[in-house]
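So you can see what is in the structure, the chains are spelled out below.
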Amino acid sequence: MADAFVWWLWIEALGVLALPAAFYLFRNLPDRGYAFSKPLALLLLSYVAWLAGMLRLLPNARGSSILILFLLGLGSLFLFGRQRRAMVDFFSRNQVSIVATEALFTGAFVVWAVVRAYNPEIQHTEQPMDFAFLNGVLRSEYFPPNDPWLSGFSISYYYFGYLMMAQLVSLSGVASSVGYNLALALLFALAAAGAFSIVFNLVAWRRSDAPGRRMGMPVAFGVLAALLLVGVGNLEGALELLHAHGFAAPEFWKWISIKDLAKPYNSAQWYPTDGWWWWRATRVIDTVVDGKSLDYTISEFPYFSFLLGDMHPHVMSLPFTIMAIGLSLNIFRSAASVSLAWAKQHALEFATVAIALGGLAVANTWDFPTFALLFVGAALLRKYLVEPEVNRRFWWDWLRFSAALGIASILVYLPFYIGFRSQVGGILPVQSAGTRPVHFFIFWGLFLALTGCFAVSKVAQVVQRRDWQRRDALAALLVLAPLALWVLARLGVGIFTNEVPKSLQDIPRKIVSVWPYALAVGLVLFMSVNRVRALKRQESRGWGAGVFATTLLLLGLTLILGCELFYIKDVFNNRMNTVFKFYYQAWVLLAIGSAFAAYYIISAWRKAALAVWGVVAVVLLAASLAYPAAAVFAKTGAFARQPTLDGLAYIKASNPAEYEAIHWLKDNTSGAPVIVEVTGGSYSQYGRVSTSTGLPTLLGWAGHEIQWRGSSQPFAGRAEDIDAIYQSGDANQLSSLLKKYKVSYIYLGSLEKSKYGMTELDRFKETLDVAFKNQGVTIYRVRKE
């Protein structure tokens, strides 16, 4: 675990370096953004390194990163000098929150590093792609980074998250196969600490009028937020446990209709043993008829993502989406009203927010609209509370500020968009597909119990006191706007496709199926508008915490409702990715909002009602904890394996010759020389050399390249050329192909020998030299002319 300790030391050092910047940027929060100093440091380091690499000012190297840290350190010293007394006073008064934050972060990091050590393999699902991109970034001298699966091209994907993780791999000096797993542990810990910080700040703000202002409650519910975000699953895990031990009749499992869950078996362990049973928890939202999926969706949640081990963009952006929530809370707590004049007066803060929000667009593009909207929405609420009246100038100032921030967020990353191709093809109405109520409850049951009771009790309280106006109810009716828009869009599609009768059939079915979601959004919208008005009339110091938490809940529920009405068209032409991406964001928002809702219920409800709610909440929490408890045992083999953080150790065990050859390439090549290896299908061992080394090959997973580039045109003919390189008996043809693709090495391993039925390429001795050879692999170096 020495590598893990070195990694931890580096992220702690980065956090200390960015403390003055976080202290300044999050100055309106009770904890002054302490938990966000680490992701902020990683963001700023990576942004400067990326920009310098894009402009060819600095190469992508460890020395460049250290130079950037030195320059950022000078800026940090300047900010510390400006805030020295305030920082010293803060640290002397807030030991409890600081110790709690560090304990949670370090504990989460250690726990997940141990989990990864018992299932470290980088070999399935999207892991080879993620590892290839990480290594591709590390191998690139400048940016944009080379695509290791398509030589001569740069990565056509949102790669900024890989670049951030590569910075830590480079600084710490650990092998990338170890850094991959440590990066997952780091992201897990940063996300947990970020969620803790948001709810800690909300509860501390809400209790700012309380005598004594002890930190026990903020810390406790901050820990709950971290648990709800990354430590629980949905209720499908509890169903898996019941099914594994023969509970319930076959008719029940057929009614539940989760694909493959109805197959009878009895587990010999306390946890399910039906292969990858834990995968099913993310395929709950579906309509299955005769074993076939009619509405196949991906409904991941953070615990599953970290357990699976794909270091995909939605996972890498998680701590930074939470930091965006922190920035939104900070602007909501500010005393000023935002405008262009404010942006000019706070240029450093404005620029940093633009880098943070814009970073979401280049790390996981789906996150940018949601969390940018949250930030400008929080700024709007603060503006409403501060300014005496709402007039044309009010709206004009806010719109100009929002537009300026949006434009700035794009401009600071403008070079990224030059070579990037999005596969988004528009927004279309969801037609026949829809989420069954039982599936909705299985996925969202815990959060429904927390947020639903919170919303209903607040609305009931307002109605009972008659503390509401007609405009509050009218505002709640705004939920009908997306429904009306869907009706128009569905009719439009019906007219365009000559299927008007089908459209007319779909409309009443959809309205019937989505009214519970619309009602939930309407209730929270009513509560939000009412509480904002009350806050403007008489702003108690702590009331704003509830308003902000309600805003998070409203945004999360709106995303869920939106997934029932519309989907973003992509290469799959269904709502699979729409549910995947927006459910993930909704989980973040509802987890944080639900933790505050639990605090409110516990502190405000009477004992009798609280006892009933407590029983329900505890049962649902226990059921939600069933998944992580059972799944981690299943995935790690009950922690019975030999632990290691090396994601390539499985190759060493199964194919030592290939492991030795891969490490020879990593140790004996510099830059990004092109290597030829056999190509084949996605989600296979093909492309394993380029994946493990970052060396660009002629063609890796062709299916993924089509997804990223929109067609096969950029690599047309490459598969045939690879075959010719290995099989041609014409020395001139071989020489021509090697020059065409600027090839430096040809790899001949077990896959190549199996496909082409050969053991050597010695017929071209005048062109190739043997650079490396062992019992299973030969690597040829192309002779320079």
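Here the structure is shown first, and the text comes after it.
Right, let's walk through the structure included here. Just so it is clear, the structure is predicted and the values come from calculations on it, not from any experiment.

1. Structural notes on the packing of aromatic side chains
Thought 1: For the structure shown, the criterion picks out 64 aromatic pairs.
Thought 2: A centroid spacing of 5.4 Å and a plane angle of 85° characterise the contact between W270 and Y271, whose relative ring orientation is edge-to-face.
Thought 3: Centre to centre, the rings of W444 and W587 are 5.8 Å apart; their planes meet at 40°, and the pair counts as tilted. With W444 in helix 19 (residues 437-464) and W587 in helix 24 (residues 576-604), the pair connects residues that are 143 residues apart, well separated along the chain. Across this residue pair, the class does not change: W444 and W587 are buried.
Thought 4: Above the face of the W205 ring, R333 is positioned so that its terminal group lies 4.6 Å from the ring centre.
Thought 5: The ring of F332 carries the charged tip of R382 above its face, separated from the ring centre by 5.5 Å.

2. What to know about a nonpolar patch on the surface
Thought 1: A grouping of L67, F70, L71, L74 and L77 is seen on the molecular surface, where their side chains present a nonpolar patch of about 500 Å² in accessible area.
Thought 2: For L77, the position within the fold is in helix 3 (residues 62-93).
Thought 3: Residue classification places L77 among the exposed residues on the basis of a relative accessible area of 57%.

3. Some thoughts on the sheet that holds strand 5 (residues 674-676)
Thought 1: Spatial strand order, 5-6-8-7: four strands in an open sheet with mixed pairing. Across the chains shown, the open sheet's two edge strands, defined by having one partner strand only, are strand 5 and strand 7 (768-773). Taking the axes of each pair of neighbouring strands and ignoring which way they run, one obtains an average angle of 30° across the sheet.
Thought 2: Where strand 6 (residues 743-748) and strand 8 (residues 778-782) come together, four bridges link them in antiparallel fashion. From the neighbouring strand, I746 faces strand 8, where its bridge partner is Y780.
Thought 3: Helix 27 (residues 656-668) contacts strand 5, strand 6, strand 7 and strand 8 of the sheet and is inclined by roughly 165° relative to strand 6.

4. A few points about helix 27
Thought 1: When the terminal C-alpha atoms of helix 27 are compared, their 18 Å separation across 13 residues agrees well with the 18 Å that a helix rising 1.5 Å per residue should span.
Thought 2: Every buried residue belonging to helix 27 is among A657, E658, Y659, A661, I662, W664 and L665, and all of these are buried.

Analysis parameters
- Residues numbered from 1 in each chain as written.
- Predicted model: local features only at pLDDT ≥ 70, side-chain atom pairs only at ≥ 80, totals over all residues.
- Heavy atoms only, no water.
- Phe/Tyr/Trp six-rings, centres within 6.5 Å; stacked < 30°, edge-to-face > 60°.
- Helix = DSSP H or I, 4+ residues; strand = E, 2+ residues; numbered from the N terminus.
- Buried < 20%, exposed > 50% of the residue type's maximum accessible area, 1.4 Å probe, protein only.
- Lys NZ or Arg CZ within 6 Å of the ring centre and 35° of its normal.
- Patch = residues over 30% accessible without salt bridge, like charges linked within 9 Å, V, L, I, M, F, W, Y side chains within 5 Å.
- Areas by Shrake-Rupley, 256 points an atom, 1.4 Å probe, with all protein chains shown as cover.
- Salt bridge = Lys/Arg side-chain N within 4 Å of Asp/Glu carboxyl O.
- Pairing = 2+ DSSP bridges.
- Axes fitted to C-alpha atoms, helices over the stretch in contact; angles between N-to-C directions.
- Contact = heavy atoms within 4.5 Å.
- Expected span 1.5 Å × (residues − 1).

Remember that the coordinates give geometry; whether it matters functionally is a separate question.
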